[in-house]
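So the chains spell out like this:
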Amino acid sequence: MTSNFLALTLFAALFVLLGITVGHSILILKIRKEENRKRELELAILNKRASVLKKSKKISHDLEELIYKANVQMEIDNIIRRNE
């Protein structure tokens, strides 16, 4: 009787350890999936960032040009007002 109880207890302990091991593996798998998804999103952001930087350089150059032209026009207007 005690040997049956001991065998049953040992089997139950092994079953619990198996459950813990499987649960741990599932949690690790979920964590790795989440980390991989984050890395993929970071890569996508970096790829888009490069194109945005190119566009922003062009926009900033155009904006500088417009500001320069506006300042020149303002100076011309000021000179014309002084002469009148």
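Scroll up a little and you will see the structure.
Conventions adopted
Residues numbered from 1 in each chain as written. Predicted model: local features only at pLDDT ≥ 70, side-chain atom pairs only at ≥ 80, totals over all residues. Heavy atoms only, no water. Salt bridge = Lys/Arg side-chain N within 4 Å of Asp/Glu carboxyl O. Helix = DSSP H or I, 4+ residues; strand = E, 2+ residues; numbered from the N terminus. Buried < 20%, exposed > 50% of the residue type's maximum accessible area, 1.4 Å probe, protein only. Phe/Tyr/Trp six-rings, centres within 6.5 Å; stacked < 30°, edge-to-face > 60°.

This paragraph deals with the pattern of salt bridges. Per the counting criterion, the structure on display carries two salt bridges. A salt bridge links Glu 65 to Lys 69, with the shortest nitrogen-to-oxygen separation between them at 3.9 Å. With Glu 65 and Lys 69 both in helix α1 (residues 2-83) and four residues apart, this pair spans about one turn of that helix. Judged by its relative accessible area of 39%, Glu 65 is partly exposed. We classify Lys 69 as exposed; its relative accessible area is 52%.

Attention now moves to the packing of aromatic side chains. A complete count under the given rule lists one aromatic pair for this structure. Note on Phe 11 and Phe 15: the rings are 6.4 Å apart at their centroids and 25° apart in plane angle, and the pair reads as stacked. Note that Phe 11 and Phe 15 are positioned in helix α1 at a spacing of four residues, about one turn of the helix. With a relative accessible area of 56%, Phe 11 lands in the exposed category. Its relative accessible area of 56% is what places Phe 15 among the exposed residues.

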